[in-house]
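Given next are the chains, with one letter for each unit.
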Amino acid sequence: MAVVRLDSEDRQPENNGFVASESAIPKLLWDVDGSVLPFLGGFGKHQKQLVLLTWIPVLFLGFSQFSDYFLLAQPNSTCVYPAVNGTGGAMSANGSRLHVGGENSSDDPGHCLCAAWTYEMRTGLVQNVVTKWDLVCDDAWKVHIAKFSLLVGSIFGYLVMGILADWFGRHLVLIISVVFMLIFGLTVAFSVNVTMFSTLRLHFFSESETTNGFLHVVSSGIELCPPGRRFSVTMVASFIVLGGQLLMPGLAALCHDWQVLQAVIICPFILMMSYIWIFPESLRWSLATQQYKKSKRLMYRIAKKNQVNTEADENGIMSELERELPKKPKKTCIVKMVGTRNLWKNIVVLCVNSLAGYGIHHCFARSMMDPEAQETTMFHNFYADYYTMAGIAVASCLALCPTVGFLGRRGGLLMFMIITALASLLQLGLLNLIGKYSLRHDTELRETLNKNFSIAFSIIGMFSSHAVSNLSIFFCTEITPTVIRGGGLGLVLASAGFGMLTAPIMELHNQKGYFLHHVIFACCTLICIICILLLPESRDQNLPETIADGENYTRKPLLPPKKGGEQHLLLTKTEMRDYSKVSETPVQQPPAADSVLDNSTANGVKSS
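All figures in this text were calculated on a predicted structure; none of them were measured in a lab.

Peer 1: Help me understand the overall build of the chain, please; the structure alone is not making it clear to me.
Peer 2: Assigned secondary structure in the chain consists of 24 helices and three strands. A burial count over the chain gives 47% of its 608 residues as buried. Considering only contacts within the chain whose residues lie at least 6 apart along the sequence, 80% involve residues at least 24 apart. Of the roughly 30,400 Å² of accessible surface on the chain, a fraction of 62% belongs to carbon and sulfur atoms.

Peer 1: So what exactly am I meant to see when it comes to the environment of S286 here?
Peer 2: Mapped onto the elements, S286 comes out in helix 14 (residues 283-288). For the pair S286 and T482, spaced 196 residues apart in the sequence, the C-alpha separation amounts to 9.5 Å. Of note is the side chain of S286, whose polar atom sits 3.0 Å from the backbone oxygen of S282.

Peer 1: Is there a simple way to think about the pattern of salt bridges in this case?
Peer 2: Side-chain pairs of opposite charge can arise where the charged atoms are in close proximity. The tally for this structure, following the rule as stated, stands at nine salt bridges. Between E545 and R284 there is a salt bridge; the shortest N-O distance is 2.7 Å. Placement of the pair is E545 in the loop between helix 21 (514-532) and helix 22 (547-551) and R284 in helix 14, with a sequence separation of 261 residues. We note that E545, like R284, is buried. Among the salt bridges present, the one from K327 reaches E324, with a minimum N-O distance of 3.0 Å.

Peer 1: It is not clear to me how the nonpolar core should be interpreted in this structure. Could you clarify?
Peer 2: Generally speaking, a soluble globular protein has its nonpolar side chains buried in company with each other. If you look at the biggest cluster of nonpolar residues, it comprises 52 residues, and the most contacted ones within it are F70, V129, F197, M248 and L261. Residues within four places of M248 in sequence aside, it is in contact with F63, F66, S67, F70, L261, I265 and Y386. Core analysis: the second largest hydrophobic core is formed by 48 residues, M337, A356, M417 and I529 among them.

Peer 1: Is there a simple way to think about empty space enclosed by the protein in this case?
Peer 2: To find leftover empty space, one rolls a probe the size of a water molecule over the atoms. Within the structure shown, the criterion is met by four cavities of 30 Å³ or more. Its volume calculated, the largest cavity comes out at about 210 Å³. Residue lining of the largest cavity: 18 residues in total, with E223, L224, E281, S282 and L283 positioned closest to the centre. Secondary structure elements with two or more residues in the lining of the largest cavity: helix 2 (32-39), helix 3 (45-55), helix 10 (212-224), helix 14 and helix 15 (292-305). Its residues assigned to classes, the lining of the largest cavity shows nine nonpolar, five polar and four charged.

Peer 1: What is the right way to look at the packing of helix 8 (residues 170-189) against helix 12 (residues 258-266) in this model?
Peer 2: To characterise two packed helices, one gives the angle between the axes of the helices and the distance between these axes. Axis separation between helix 8 and helix 12 bottoms out at 8 Å; the angle between their running directions is 170 degrees. Looking at the two axes, helix 8 sits roughly antiparallel to helix 12. Contact residues: helix 8 offers M181, L182, G185, L186, V188 and A189, while helix 12 offers W258, Q259, Q262, A263 and I266.

Peer 1: Help me understand the confidence of the model for the chain, please; the structure alone is not making it clear to me.
Peer 2: Reading fine detail from the predicted coordinates is not recommended where pLDDT is low. Residues with a pLDDT of 70 or more make up 74% of the chain, whose mean pLDDT is 77. Segment residues 593-608 is flagged for pLDDT under 50; beyond a separation of four residues in sequence, or across chains, it makes five contacts in the model.

Peer 1: It is not clear to me how unusual backbone geometry should be interpreted in this structure. Could you clarify?
Peer 2: Negative phi is the rule for most residues except glycine; trans is the rule for most peptide bonds. Of note in the backbone geometry, H256 takes a positive phi value of approximately 70 degrees without being a glycine. Along the chain, the position of H256 falls in the loop between helix 11 (230-255) and helix 12.

Peer 1: Looking at this structure, how should I read helix 21?
Peer 2: In an α-helix, one turn spans 3.6 residues, which is why side chains three or four residues apart end up on the same side. The terminal C-alpha atoms of helix 21 lie 27 Å apart, and with 19 residues this matches the ideal 27 Å at 1.5 Å per residue to within 8%. Those residues of helix 21 lying buried are H517, H518, F521, A522, T525, C528, I529 and I532. For helix 21, the angular spread of the buried residues around the axis is 135 degrees, confining them to a single face. Facing away from the buried surface of helix 21 by more than 90 degrees, the exposed residues are L516 and I530.

Peer 1: When you look at a nonpolar patch on the surface in this model, what are you seeing that I'm missing?
Peer 2: A surface patch of nonpolar side chains, amounting to about 360 Å² of accessible area, comprises W167, F168, L172 and I176. Here W167 lies in helix 7 (residues 141-168).

Peer 1: How do you make sense of the packing of aromatic side chains when you look at a structure like this?
Peer 2: The relation between two aromatic rings is expressed through the spacing of the ring centres and the mutual angle of the planes. Applying the stated criterion across every chain yields a total of 16 aromatic pairs. Taking 5.7 Å as the distance between ring centres and 10 degrees as the angle between the ring planes, the aromatic pair formed by Y275 and F279 counts as stacked. Residue F279 is classed as buried on the basis of its relative accessible area, which comes to 5%. With a centroid separation of 5.9 Å and an interplanar angle of 25 degrees, the aromatic rings of F382 and Y386 are classed as stacked.

Calculation criteria
- Residues numbered from 1 in each chain as written.
- Predicted model: local features only at pLDDT ≥ 70, side-chain atom pairs only at ≥ 80, totals over all residues.
- Heavy atoms only, no water.
- Helix = DSSP H or I, 4+ residues; strand = E, 2+ residues; numbered from the N terminus.
- Buried < 20%, exposed > 50% of the residue type's maximum accessible area, 1.4 Å probe, protein only.
- Contact = heavy atoms within 4.5 Å.
- Areas by Shrake-Rupley, 256 points an atom, 1.4 Å probe, with all protein chains shown as cover.
- Polar contact = N/O pair within 3.5 Å; in protein donor to acceptor, adjacent residues only side chain to side chain.
- Salt bridge = Lys/Arg side-chain N within 4 Å of Asp/Glu carboxyl O.
- Core = buried A, V, L, I, M, F, W, Y, C linked by side-chain atoms within 4.5 Å.
- 1 Å grid on protein atoms, 1.4 Å probe; cavity = no way out; pocket = protein on both sides within 12 Å on 5 of 7 lines; lining within 4 Å.
- Points joined across faces, edges and corners; volume = space filled by probe spheres on them.
- Nonpolar A, V, L, I, M, F, W, Y, C, P; charged D, E, K, R; others polar.
- Axes fitted to C-alpha atoms, helices over the stretch in contact; angles between N-to-C directions.
- Parallel < 35°, antiparallel > 145°, perpendicular 65-115°, else oblique.
- pLDDT = per-residue confidence, 0-100.
- Expected span 1.5 Å × (residues − 1).
- Arc of directions from axis to C-beta.
- Patch = residues over 30% accessible without salt bridge, like charges linked within 9 Å, V, L, I, M, F, W, Y side chains within 5 Å.
- Phe/Tyr/Trp six-rings, centres within 6.5 Å; stacked < 30°, edge-to-face > 60°.

Here it is as structure tokens:
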């Protein structure tokens, strides 16, 4: 009897807390991509119109995203009235004007002894923030503070509005963002000093047109589309943003003044106030949060727009919706991901990827600069440099489309991250080897090769890091469940903001520690290469609706197997739980008492 008692005590329950029970099988209402959308007409007229509405403001988001290249650009400055101090100061012997060029004007303290300045703008504007308040020499640091405040405000906006989007819905957060954006965005245009300008940009609602607008556009576009159209819809939005970048110099030349430019960028968002009536709440989010009464109205609206007869309900979706109407809404916060096994790892990996991608992008852009002249070594012209950067971004998006189509999300991200890491390591190591072990006597040729190699690796690195950044954000929207998609996307975008935040910090410290800065991000890319292998593949898969769905994403091989055999350690949950072919071991009867006394030994094993 003792043996039987031990066997019963060793048995453990099959459900260990991580395997879903049979009663937790997803319902038809939760299977949006597989059941609800096909029932409502698939990617019909209603979905196409809403996707088009998400593309319209993206062009103005592109204008706003790249406006700092013109609002805060450093002009060529000339001292008209040098200030005279006790030792003669900056006044030359013949009374000629002293020229101060670009960002390195603060290197010589004598150049800053000036009472009045004249500026030569290179960006098409007649006046910008720098020229209006003379932010040169001793006041040049205020420009970097303005850039810093913009990014800090964006980071807070991503985090806060992402959480609110999961709790109150996409529609309400969009309207709130537009209202605050119009208020604070137009107020920035009427700033009376640089302190007011930087403070308004620091407010996390002041840049909602780039933070929360982009967050809502990305999440809404993804949630409207079936699996086969998600990536193409997102890439069209990316190309529209790049169109705004390409058109921005022409818009600046037409506006002439920075205040007019700021107002022209913000005012078109007044049209987005009409989205209160024409842009509905996300059906996917309403179903995931069990707001079935609101979901019923949305489904009838979509069915009417797509000309679908809801009475022909073979699967019983509407009848199931009627049964679920009494249930109360159930909303989830991003904090709940801490208690998961796989989901939090996936989001953290994508956050690190986004941080490394945006952070090292600045390192590559800075490597194209001559540290002495502070000018781009390729063209020495603002427009040529600007369009070179835009051309690299366009080429990156063009290469991203076939790569992701062939390798998938995880394979494409891994390939571009490997290219980024190689470009960074070769730029840091190969250039030093050229100068140390070869061409030691030909100084001019060595410097020329170093410059050319640096430019080549910088272009390759900017190309690949731009792809890594965009793909990390898109990847996050696909693997994060609907109930916390806003918060997950906010975390990844905030990580991107931290990566971009390193640029004004380095400029504020006059590029001190730049090499170490580049080395740290190069090491991050190596870590990301290993971590990317832990991510699941989301291509052609339904979006996860609940946290349990996000947990069930499994890792698959980067390349499909040649034979349709078993994939060890990567089996799906149903395959792992199939014990039908396992025969039961017959229960052994306890031996008789006299047999135990005759044949047992001290350790319980019969001796031969």
